[in-house]
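Descriptive structure summary
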Amino acid sequence: MQSMTPKEVSERSGLRVNPCKTCQPVGAMYAALGVHACMPHSHGSQGCCSYHRTYLTRHFKEPAIASSSSFTEGASVFGGGSNLKASVKNIFDIYNPDIIAVHTTCLSETIGDDLKSFILDTPIPDGKYVVHTNTPSYVGSHVTGYANMISGFIKYLSVKTGVSNGKVALIPGFINPGDMREIKKIAKLMNVPFTMLPDTSGVMDAPMTGTYNMYPKGGTTIPDIIGLGDCKKSIGFGEFATTLGLEDLRNKCKVPFVSLPLPIGIANTDAYVMALQEIGASEVPYELEEERGQLVDVILDAHPYFDNKTVAIYGDPDTVLGIAALVLEMGMHPKYLVTGTPGEAFVTRGKDLMAQYGVEDAVIKASADLFEMHQWIKNDKVDLMIGGTHGKTIARAEDIPLVRAGFPVLDRYVHSYIPIVGYRGALALVEKIANALMDRQDRDCADEDLEMVM
Amino acid sequence: MDAKGRVLDKYNARVYKNRKEHVLVKATGDQPQVIAANTRVIPGIMTHRGCCYAGCKGVVLAPIKDVAVITHGPIGCGFYSWGTRRNKARPGEDGKNFVEYCLSTDMQEADIVFGGEKKLRQAIKETVEIFDPGMIMVCSTCPVGLIGDDIHAIAAEAEELYNRPVMAFSCEGYKGVSQSGGHHIANNGLIKRVLGTGSGTRIKHAINILGEYNIGGDGWEIGRILKKCGYHVVSVMTGDGSYKEMQEAHTAELNIVQCHRSINYIAEMLKTKFGTDWIKVNFVGAESTAQSLRDMALYFGDQELIDRTEEVIAEEMEEVAADMEYYRTRLKGKTAALYVGGSRAHHYQLLLQDFGIDTILAGYEFAHRDDYEGRDLTAEIKEDADSKNIESITVSPDPEKYHLRLTPEQFEELKTKIPLDTYPGMIRDMKDGAVIVDDLNHFETEEFLKLLKPDIFFSGIKDKYVAQKGGTLSRQLHSYDYSGPYAGFKGAVNFGRDVTMGIYTPAWGFVTPPWKHTPTLVGTYGGDF
């Protein structure tokens, strides 16, 4: 397994091996699926759309609908205007969504298709909407594409009427529907009215009913997106995925924002609860205090199994930073923080976090890949890996327990339903981490050392 | 109105005009039927097709385990085609297995603006330094063709510099109308630079297996059976394949073709270049496997081989008989719809027949007309602008390696008995009244499932959960839902087991909550608490 990976790390400037990111459009597609009755549309060659739908379906085990402009060589030379026009007509005729959310691909970006004017030129049925965002695959990562699609919705739709709706706008980072539910649950417990954009809960975790609905019940509604302009404040969770949306809403509709980390771990969830407390001027309800207290209780109870265990965490920047915060709270020792998404803020935030806990030797790298992380591990092993499916080859090669979290998880079930955010989410992740480490101890120890009570 | 009419009726005029040519109802009698295929998708229609890159890199080239395939482009294409197709491979003699790795130039904005050639050169250099592969292939993605990076010149330069073959494939996603164009481009490259470039001589009862990608270990199971019969497998194209083995492809006496669509160009060109005959085989289904083994033995006409083949068939059939019979009792009378590939929609009908399951709808994703109608087409396939964009190469007989095994008379005689240098297509094997749909899209999938109500829908991951959410079991025939192998005699049992568990899994019984059937509001009489 991965036996050609040499221990010696060599500088690479041309070759990416075993990436820890993918391209923008898949993120845009995921964000668009978080809008009710929305058809994500990929403006480019149909292979992109096919790959993205495939990937989202493999992660969520749910249908991921999206259409494509199906470029051929002709469209690539003469531009994709007529392909988009035909697409919009056919999509409304056949699939009848409320809104089409167009994102571009490296193909349509490279030939310089002007989506804004294409859409202006396209007849749109009454009461229906077409929005777009630019998602060149050669900039940023899928996280960037997710952020860009949110920005597209806000730029096209959100309006400030001058009358506050008393709500807070919640913009989640690139997380699972289960996480989105948990973020909403906390806002409800805090009695703060809100609109969440995007909201893939009820879409990418729709229940089995015996009837297929192309547009399941979930997703942010168009009136709610329009109403984001009247929110009194917005909160973003994860700066890589949400800063753009927060800024757009402020610039367009003067909605002030708070940018928070993804609420993974105790302190990050505390920050969210306190931000809600400030907005709602309300007391934190006992239910939340109870959840928090239970989480702290469990971490204290089990701390001997966590203490100083070394961890490699990889995946999307906001997620990795959140998980790093949690494992530090558990007394663990993050050794490698890796994201493929570019952005030095990842390193800065990571270092700040390590400094708070006096961890000095963590290697933190953005624009990195799993091949390089594997080489580091070969030189200095860790006790645990936390991240998506693509780390499993390393975990096997080096015999390291792996806890799956983040995107993409292609090889397990249920993960998209169980949150890792909030106090409850942290509890679930703590259990996974504890089980991984303790199962390993049970597996590796001598017969006479097998503990009946742990 | 028939099923076709009822589904297509809902389209607007332009879409209807196009789609009606892609949908057929199998007519009674032997009258040949014509279907439109391999034409471009209507924009906005939710097709399940992929692109040229997916066909070239993803399908044909990636399974070659000892070649470092570098994707030249932004990161997505390389990432999506990394480890997701289940083309299993074990390291070969050189200990290398690139199937586990994803190599990409991860082009950034500056590379698009100023050109990506410099980065590609550097990437090849680093590939050589880190992995030292015997052969390198470069596959381009959409923007590469648009900005004009000359990957072929860079490959030639690197070949000289690093003293090993470096090949380039211009398989940009926008070329052609589906994955199919990519298969062709990959076939062209392999025939030009790899196949039959070795120095070996003909080997008795030696074969190449073409169009077998070792999904779920199918190729290994087929190889096991063939070896048991006494064949020498020179190379597999391309599942668990090795470029070193493919270089010796000319030493085979016969090429057997499993997936016609993706590899028929190579089969044809190997015939022209080396004189090697090919036959269409199908190792999906126990009966089909037996038939294919008999066809192969008949081609060689060697009594010892024919006898040994019968022994193997009897032995293997005996081994699976009880299991096959058990699953047949569980599955007989069920109906199936299939939408997959360029060959599987045909192959799996024959496996389903082993269990008494009728196919009521079948369609290919990226096939051409010959995959439906057979290679002896009644009407010539007209080349359109899209198909002309895919290079069609011609080869000539190799002066030293060309050899015809059969005399023209023997050839003609055998052709009446086995599918020699031909493929009769899918339609022929379908029952009257069955629906045949080319490039079955999302809308048609939903509608046909509602109308025809098959017990099981075999397809891919994108439509799997669409079917299941609607209450129809769906199994993936691209990935076998991570099971397999499904090929050969034992594979048929695996398949029967998987379909049976899918149909009878208890959770289906819980889809509708009991309170939807049972009145839950119990009436009370006045004063009765």
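This one's a predicted model, so the numbers in the text were calculated from it and none came from an experiment.

Calculation notes
- Residues numbered from 1 in each chain as written.
- Chains lettered and ligands numbered in written order.
- Predicted model: local features only at pLDDT ≥ 70, side-chain atom pairs only at ≥ 80, totals over all residues.
- Heavy atoms only, no water.
- Pairing = 2+ DSSP bridges.
- Helix = DSSP H or I, 4+ residues; strand = E, 2+ residues; numbered from the N terminus.
- Axes fitted to C-alpha atoms, helices over the stretch in contact; angles between N-to-C directions.
- Contact = heavy atoms within 4.5 Å.
- Core = buried A, V, L, I, M, F, W, Y, C linked by side-chain atoms within 4.5 Å.
- Buried < 20%, exposed > 50% of the residue type's maximum accessible area, 1.4 Å probe, protein only.
- Domains from an automatic or database assignment.
- Buried area = accessible area lost by both parts, 1.4 Å probe.
- Salt bridge = Lys/Arg side-chain N within 4 Å of Asp/Glu carboxyl O.
- Polar contact = N/O pair within 3.5 Å; in protein donor to acceptor, adjacent residues only side chain to side chain.
- Nonpolar A, V, L, I, M, F, W, Y, C, P; charged D, E, K, R; others polar.

**Side note on the sheet that holds strand β6 (residues 206-212) of chain B**
All names here are of chain B. Across the sheet, 4 strands lie side by side as β7-β6-β8-β9; this open sheet has parallel pairing. With one partner strand each, in any of the chains shown, β7 (232-238) and β9 (277-280) form the two edges of the open sheet. Neighbouring strand axes in the sheet, compared pairwise and without regard to direction, differ in orientation by 25 degrees on average. The sheet strands contacting helix α12 (residues 260-274) are β6, β7, β8 (254-257) and β9, and the helix crosses β6 at an angle near 145 degrees.

**Concerning the nonpolar core**
Within soluble globular proteins, side chains that are nonpolar tend to cluster in buried spots. One finds Phe153(A), Met385(A), Ile433(A) and Leu226(B) to be the most contacted residues of the largest nonpolar core, which totals 281 residues. In terms of residue count, the dominant contributor to this core is helix α17 (residues 422-444) of chain A (9 residues). When sequence neighbours within four positions are dropped, the list of residues in contact with Phe153(A) reads Ala31(A), Ala32(A), Val35(A), Cys38(A), Ile99(A), Ala101(A), Val131(A), Ser158(A), Leu197(A) and Ile225(A). Listed in part, the 29 residues of the second largest apolar core include Tyr138(A), Phe371(A), Ile112(B) and Val144(B).

**With respect to the pairing of strand β14 (residues 473-476) of chain B**
Residues and elements named next belong to chain B. Of the two faces of β14, the one lined by Leu-473 and Arg-475 and the one lined by Ser-474 and Gln-476 are each fully buried. The pairing of strand β13 (residues 456-459) with β14 spans 4 bridges and is classified as parallel. Of the residues in β14, the one forming a bridge with Ser-459 is Gln-476.

**Notes on the domain arrangement of chain A**
Residue and element names in this part refer to chain A. Here chain A is partitioned into domain 1 (24-140), domain 2 (168-280) and domain 3 (286-446). One C-alpha centre belongs to domain 2, the other to domain 3; they are set 24 Å apart. If you look at the interface, domain 2 gives 26 residues, while domain 3 gives 35 residues. Its largest share of buried area at the contact with domain 3, domain 2 owes to Phe-240, Ile-264 and Ile-266, together 29% of the area lost on that side. Across the contact surface, domain 2 and domain 3 share 3 salt bridges. With its nearest N and O atoms 2.7 Å apart, the salt bridge here joins Lys-185 to Glu-291. Here domain 2 is connected to domain 3 by 13 residue pairs in polar contact (both at pLDDT 80 or more). Those elements that provide at least two residues to the side of domain 2 that touches domain 3 are α8 (177-189), α10 (239-253) and α11 (266-280). Here the side of domain 2 that touches domain 3 takes 8 residues from α8, the largest share from any one element. Looking at the side of domain 2 that touches domain 3 residue by residue, the classes come out as 14 nonpolar, 6 polar and 6 charged.

**Brief notes about the interface of chain B and chain A**
Listed by partner, the interface residues are 74 residues for chain B and 74 residues for chain A. Roughly 6400 Å² is buried in total at the junction of chain B and chain A, and carbon and sulfur atoms are behind 62% of that figure. Considering only the side of chain B, the residues that lose the most area to chain A are Met46(B), Tyr80(B) and Lys469(B), jointly responsible for 13% of the buried surface there. At the junction of chain B and chain A, the tally comes to 3 salt bridges. Between chain B and chain A we count 35 residue pairs in polar contact (both at pLDDT 80 or more) in total. The set of elements that each furnish at least two residues to the side of chain B that touches chain A consists of α3 (52-61), α4 (75-80), β3 (103-104), α5 (109-114), α6 (117-131), α7 (142-147), α19 (442-452) and α20 (461-469) of chain B. Among the elements that line the side of chain B that touches chain A, the one with the most residues is α6(B), at 7 residues. Class assignment of the residues belonging to the side of chain B that touches chain A gives a composition of 37 nonpolar, 24 polar and 13 charged. For strand β1 (residues 16-17) of chain A and β3(B), the ladder comprises 2 bridges, and the chain directions are antiparallel. What sits directly across from Val17(A), in β3(B), is Leu103(B).

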